[in-house]
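Summary of structural features
Read off the chains here:
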Amino acid sequence: MSELPDDAYVAQVSIPGTHDSGAVHSIADVSGACQSVGIAEQLKMGVRFLDIRLQQVEDELYVVHSFVDQATRFDTVVSELAN
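The structure presented is a predicted model; accordingly, all values stated were derived computationally and were not measured. (Residues numbered from 1 in each chain as written. Predicted model: local features only at pLDDT ≥ 70, side-chain atom pairs only at ≥ 80, totals over all residues. Heavy atoms only, no water.)

Section: the pattern of salt bridges
This model, assessed by the stated rule, comprises four salt bridges. A salt bridge links Asp75 to Arg73; the shortest N-O distance between them is 2.7 Å. On the basis of relative accessible area, Asp75 is assigned to the partly exposed category, the value being 38%. Members of the salt-bridge network, linked through shared partners, are Asp20, Asp51 and Arg53. (Salt bridge = Lys/Arg side-chain N within 4 Å of Asp/Glu carboxyl O. Buried < 20%, exposed > 50% of the residue type's maximum accessible area, 1.4 Å probe, protein only.)

Here you go:
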């Protein structure tokens, strides 16, 4: 993506992304998982658009998929993005 011209329109590019990017855990291998690798690995693979579902628990935001807790805090996701 670094080779794209700065004046390119979004409609002219294809941005690699994942659906339910943080959903790696499931319940009994039936419900919850959409990805086989975590966000850091997805970024290494070239993913640049993330679909992240969050739920607030007290003062923290956690990654979820429907009712399945993904055992990841949003600040961890932000850290992975910064790295």
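Moving on from the model shown.
Some thoughts on the pairing of strand E5 (residues 68-73)
Both strand E4 (residues 60-65) and E5 contribute to a ladder of three bridges, which runs antiparallel. Within E5, the position partnered with Val64 by the bridge is Asp69. As consecutive antiparallel partners, E4 and E5 are separated by two residues, and within that stretch Ser66 has a phi angle of approximately 60°, a positive value. (Pairing = 2+ DSSP bridges. Helix = DSSP H or I, 4+ residues; strand = E, 2+ residues; numbered from the N terminus.)

What about the sheet that holds strand E3 (residues 54-57)?
The antiparallel open sheet is built from three strands, whose spatial order is E3-E4-E5. Single-partner strands in this sheet number two, and they are E3 and E5. The mean inter-strand angle of the sheet, taken between neighbouring strand axes irrespective of direction, is 40°. Inspection of the sheet shows E3 paired to E4 by four bridges, in the antiparallel sense. Along E4, the bridge assignment pairs Val57 with Glu60. (Axes fitted to C-alpha atoms, helices over the stretch in contact; angles between N-to-C directions.)

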